[in-house]
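Spelled out from the first residue to the last, the chains are:
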Amino acid sequence: QVHLVESGGGLVQAGGSLRLSCAASGRTFSRYSMGWFRQAPGKERDFVGAITWSGGWAYYADSVKGRFTVSRDNAKNMVYLQMNSLKPEDTAVYYCAGSRVEGTARTRYEYEYWGQGTQVTVSS
């Protein structure tokens, strides 16, 4: 089993930046992909971006492409979400998650392990 803990959320003004961190504990394997999702009040949990552990390839939702970057540090078992040019519509609880899918995994049903979430609020 894998436990995931997010941190780094907070309140920022539109146009600002935040970096979220996800610490993974327990056993991990190179085939796992690590993803980020977000959920705003009254809305479903949506895919943000993900990165493969083995290949190091990242992919993103269209809404964040060019603004957000997913990265990883295998030595520290850490995954990051760098968020730039933040918009009020980015306001949500952000979750990190782990998946065994080798290809692109864009739905929450493809992820087995989830963190508790961290709040990101972007003011106008």
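What this report covers is the structure whose coordinates are included nearby. (Residues numbered from 1 in each chain as written. Predicted model: local features only at pLDDT ≥ 70, side-chain atom pairs only at ≥ 80, totals over all residues. Heavy atoms only, no water.)

### Points about the pairing of strand β9 (residues 92-99)
And step 1. When you tally the buried positions in β9, you get seven out of eight residues, the bulk of the element.
And step 2. Strand direction decides the pairing type here: β9 and strand β11 (residues 118-123), joined by three bridges, are antiparallel. If you follow Ala92 over to β11, its bridge partner there is Val120. (Buried < 20%, exposed > 50% of the residue type's maximum accessible area, 1.4 Å probe, protein only. Helix = DSSP H or I, 4+ residues; strand = E, 2+ residues; numbered from the N terminus. Pairing = 2+ DSSP bridges.)

### What to know about the state of the cysteines
And step 1. Under the definition given, this model contains one disulfide.
And step 2. Two residues, Cys22 and Cys96, share a disulfide whose sulfurs are 2.1 Å apart. In this structure the cystine formed by Cys22 and Cys96 twists about its S-S bond by roughly 60°; its chirality is therefore right-handed. A residue pair is termed long-range when its members are at least 10 positions apart, and Cys22 in strand β3 (residues 18-26) and Cys96 in strand β9 qualify at 74 residues. (Disulfide = S-S within 2.5 Å.)

### Describing the sheet that holds β3
Either a parallel or an antiparallel arrangement is found when strands of a sheet pair, and the pairing is made through backbone hydrogen bonds.
And step 1. If you walk across this open sheet you meet the four strands as β1-β3-β8-β7, and the pairing is antiparallel. Of all the strands in the sheet, just β1 (2-7) and β7 (68-73) have a single pairing partner and so form its edges. With strand direction ignored, the average angle separating the axes of adjacent strands in the sheet is 20°.
And step 2. Relative to strand β8 (residues 78-83), β3 runs antiparallel, the two being bridged by six bridges. Bridging across to β8, Arg19 finds its partner in Gln82. (Axes fitted to C-alpha atoms, helices over the stretch in contact; angles between N-to-C directions.)

### With respect to the packing of aromatic side chains
And step 1. One pass over the full model with this rule turns up six aromatic pairs.
And step 2. Grouping aromatic residues by their ring pairs yields a cluster made of Phe37, Phe47, Trp57, Tyr59, Tyr111 and Trp114.
And step 3. The cationic tip of Arg19 hangs over the ring face of Tyr80; the distance from NZ or CZ to the ring centre is 4.3 Å.
And step 4. A cation over a ring is seen here: Arg45 above Tyr95, with NZ or CZ 3.7 Å from the ring centre. (Phe/Tyr/Trp six-rings, centres within 6.5 Å; stacked < 30°, edge-to-face > 60°. Lys NZ or Arg CZ within 6 Å of the ring centre and 35° of its normal.)

### Topic: unusual backbone geometry
And step 1. With a phi close to 55°, Asn77 is a non-glycine residue in the positive phi region.
And step 2. Considering the arrangement of structural elements, one finds Asn77 in the loop between β7 and β8.
And step 3. Although it is not a glycine, Ser85 sits at a positive phi angle of roughly 50°.
And step 4. Turning to its location among the elements, Ser85 is positioned in the loop between β8 and β9.

### Brief notes about the pattern of salt bridges
And step 1. Per the stated rule, a full pass over the model turns up four salt bridges.
And step 2. Arg38 is the salt-bridge partner of Asp90, the closest N and O atoms lying 2.8 Å from each other. One end of the pair, Asp90, is in the loop between β8 and β9; the other, Arg38, is in strand β4 (residues 33-39), and 52 residues separate them in sequence. Comparing Asp90 with Arg38 shows no difference in burial state: the two are buried.
And step 3. Connected via shared salt-bridge partners are Arg38, Arg67 and Asp90. (Salt bridge = Lys/Arg side-chain N within 4 Å of Asp/Glu carboxyl O.)

### A closer look at the environment of Gly9
And step 1. One can find Gly9 in the loop between β1 and β2 (10-13).
And step 2. For Gly9, a relative accessible area of 34% puts it in the partly exposed group.
And step 3. For Gly9 and Val93, which are 84 residues apart along the polypeptide, the C-alpha to C-alpha distance reads 8.5 Å.
And step 4. Not counting residues up to four positions away in its chain, the partners in contact with Gly9 are Leu18, Leu20, Thr118, Gln119 and Val120. (Contact = heavy atoms within 4.5 Å.)

By themselves, these are just geometric observations and shouldn't be taken as functional.
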